[in-house]
Amino acid sequence: MLLKKCCSYALFLLPLSLLAGDPPVDGSTADADGPHVFYRGKNIIVKSVERYDTSVVARTQIFSDKMQPVLTCRVPDMPAEFSFKLRKEFKEEPTEYTLPSRMLVLSDIEGDFKAFQMILTGAKVIDDKYNWTFGKGHLVLVGDYFDRGLNVTECLWLIYKLETEAEAAGGKVHFILGNHEIMNIQGYTDYVRKKYFANAELIGEPYKYWFDKHSELGRWLRSKNAVEKIGDYVFCHGGISPEIATTRLSLSDINRISREYIDVPYEKLKNEEARIVFDSKIGIFWYRAAAKNFIAPEEMEKVLQYAGAKHIVVGHTLQTDIVSLYDGGLICIDLYHEENVRRGFVKTLLVDNGTPYGVDSRGEKSSILQIQTPRTVKGGVRVQESAGRN
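Below, the structure is looked at part by part. (Residues numbered from 1 in each chain as written. Predicted model: local features only at pLDDT ≥ 70, side-chain atom pairs only at ≥ 80, totals over all residues. Heavy atoms only, no water.)

**Notes on the packing of helix α2 (residues 113-122) against helix α3 (residues 152-169)**
Stage number 1. Where α2 contacts α3, the two axes come as close as 9 Å, and the packing angle between them is 30°. Our pair here, α2 against α3, has a crossing hand that is left-handed. Of the residues in α3, those touching α2 at Phe-113, Phe-116 and Leu-120 are Glu-154, Cys-155, Leu-158, Ile-159 and Leu-162.
Stage number 2. Residue classes in the contact of α2 with α3 are distributed as 7 nonpolar, no polar and 1 charged. (Axes fitted to C-alpha atoms, helices over the stretch in contact; angles between N-to-C directions. Helix = DSSP H or I, 4+ residues; strand = E, 2+ residues; numbered from the N terminus. Left-handed = near helix turned anticlockwise from the far one by under 90°. Contact = heavy atoms within 4.5 Å. Nonpolar A, V, L, I, M, F, W, Y, C, P; charged D, E, K, R; others polar.)

Structure below.
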């Protein structure tokens with residue numbers, strides 16, 4: 001996974017796709033995928049790509065929109081499948097929640113179903129049949145489940161399924177939007193694998209419709225938040241910049257704005273508050289400087305005061321291990337999942353009775369690496385933020 005760097009003063013000139021890093025080398029072709037659910041008139045159209053020996057074929061089912069069909073998702077190259085019932089409606093998620101006794105927090109899975117399955121099973125969030133087993137615990141997913149991988153659809157449907165099961169058990173699944181969710185909704189597809197474009201042609205549904213307002217997953221995504229506060233923890237994908245902290249926007253305002261303007265490409269945004277929220281340098285989905293340890297402790301303290309939090313948890317900016325910065329004020333959890341799977345494990349954040357730990361797919365807990373001093377260069381001048389992967 002390569003890091004792509006550019007000068008910070010030129011960031012505003014680059015399209016969002018370039019700020020997300022280098023696209024993967026991609027030799028993928030049409031393969032098993034789905035279901036993809038679309039609402040057309042009074043019908044629910046369900047389309048899938050299914051594998052038969054060395055061939056793939058498209059399959060279409062049609063249901064009345066008065067029905068709630070039960071659909072099955074199968075994961076290619078894994079002995080995995082699970083079923084779920086379509087929902088009648090989606091409600092906007094609240095911004096704030098009370099702190100549960102347990103939270104598993106995970107970001108940047110990027111279509112890697114194997115990594116997702118390994119950590120959820122190892123942390124006892126699900127069983128081997130993909131059923132919720134975390135009781136009243138909360139699963140917090142901090143964005144970027146799209147792009148780069150070949151099992152984006154399967155990851156999304158598993159989250160969709162677990163939401164219903166968690167609610168029934170008194171628990172909760174929180175799906176928080178990241179920059180790659182925003183990019184896909186807005187039509188930036190540089191990181192979408194070729195498999196999905198081939199599948200789109202095969203099922204006769206252009207990729208731009210897969211997550212629009214007339215698709216099930218598109219409707220579901222538009223109910224999600226950009227930021228949530230759970231107890232004294234705040235979760236967002238990129239981070240809360242000092243610039244956002246100086247505005248009068250509440251966390252609820254950020255969520256309202258992200259929903260209202262989620263379909264508008266940045267270059268077409270006229271609303272100044274929306275331009276701050278979606279900004280590719282200081283916005284909630286893209287901000288990196290704090291996670292790179294480039295801001296002063298005093299700035300982080302003001303951000304925490306603004307958010308009313310003791311800890312902010314972010315993904316987006318890659319780390320070699322889970323890292324705590326600014327005396328625990330910032331916890332960074334975006335790890336090299338693909339590489340770690342090859343090494344036989346996946347690791348993420350567990351908050352147990354309010355205390356943060358690392359936990360891996362073997363169920364082993366560990367302390368979190370603490371880094372105290374902001375990075376500087378000669379003369380004590382802080383290094384400026386640069387673009388990177390994600």
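**Section: the nonpolar core**
Stage number 1. Formed by 103 residues in total, the largest nonpolar core has its most connected members in Phe-116, Leu-120, Ile-240, Ile-284 and Leu-330.
Stage number 2. The leading source of residues in this core is α3, at 9 residues.
Stage number 3. Counting residues in each nonpolar core, the second largest holds 17 residues, with Tyr-97, Val-140, Val-142 and Leu-349 among its members. (Core = buried A, V, L, I, M, F, W, Y, C linked by side-chain atoms within 4.5 Å. Buried < 20%, exposed > 50% of the residue type's maximum accessible area, 1.4 Å probe, protein only.)

**A word on the pattern of salt bridges**
Stage number 1. As enumerated under the stated definition, the model contains 24 salt bridges in all.
Stage number 2. Residue Lys-161 is joined to Glu-165 by a salt bridge in which the shortest nitrogen-to-oxygen separation is 2.6 Å. Here Lys-161 and its partner Glu-165 are both found in helix α3, 4 residues apart, which amounts to about one turn of the helix.
Stage number 3. Under the relative-accessibility criterion, Lys-161 is labelled buried at 5%.
Stage number 4. For Glu-165, a relative accessible area of 23% puts it in the partly exposed group. (Salt bridge = Lys/Arg side-chain N within 4 Å of Asp/Glu carboxyl O.)

**Observations regarding the packing of aromatic side chains**
Stage number 1. One pass over the structure, following the stated rule, counts 20 aromatic pairs.
Stage number 2. Relative to Phe-84, the ring of Phe-82 lies with its centre 6.5 Å away and its plane at 45°, an arrangement referred to as tilted. For the pair shown, Phe-82 and Phe-84 are each scored as buried.
Stage number 3. Note on Tyr-207 and Phe-211: the rings are 5.8 Å apart at their centroids and 75° apart in plane angle, and the pair reads as edge-to-face. In this structure, Tyr-207 and Phe-211 share a single accessibility class: buried.
Stage number 4. The ring of Phe-134 carries the charged tip of Arg-102 above its face, separated from the ring centre by 4.3 Å.
Stage number 5. Looking at Arg-219, its charged tip hangs above the ring of Tyr-39, at a distance of 3.9 Å from the centre. (Phe/Tyr/Trp six-rings, centres within 6.5 Å; stacked < 30°, edge-to-face > 60°. Lys NZ or Arg CZ within 6 Å of the ring centre and 35° of its normal.)

**So, the state of the cysteines**
Such a bond, covalent and formed between the sulfur atoms of two cysteines, is termed a disulfide.
Stage number 1. What the rule picks out here adds up to 0 disulfides.
Stage number 2. Looking at the unpaired Cys-155, the closest cysteine sulfur is the one in Cys-73, lying at 9.1 Å. (Disulfide = S-S within 2.5 Å.)

**Details of the pairing of strand β5 (residues 80-85)**
Stage number 1. Burial of the side chains of β5 is restricted to one face: Ala-80, Phe-82 and Phe-84 are buried, whereas none of Glu-81, Ser-83 and Lys-85 on the reverse face is.
Stage number 2. Two strands pair when backbone bridges link them, and strand β4 (residues 70-75) and β5 are joined in this way by 6 bridges, in the antiparallel orientation. Each residue of the ladder has a partner; that of Arg-74, found in β5, is Glu-81.
Stage number 3. Following β4, the chain reverses through 4 residues before pairing antiparallel with β5; Asp-77 in that reversal takes a positive phi of roughly 70°. (Pairing = 2+ DSSP bridges.)

**A closer look at the sheet that holds strand β3 (residues 55-64)**
Stage number 1. Taken together, the 3 strands give an open sheet; going across it, the order is β1-β2-β3, and neighbouring strands pair in antiparallel fashion. In this open sheet, the two edge strands, each paired with only one partner strand, are β1 (33-40) and β3. In this sheet, neighbouring strand axes are inclined to one another by 20° on average, regardless of whether the strands run parallel or antiparallel.
Stage number 2. Bridging between β1 and strand β2 (residues 43-52) involves 6 bridges; their strand directions are antiparallel. Looking at β2, one finds that Arg-40 is bridged to Asn-43.
Stage number 3. Sheet strands touched by helix α5 (residues 194-203): β1, β2 and β3. Its angle to β2, the strand with the most contacts, is close to 120°.

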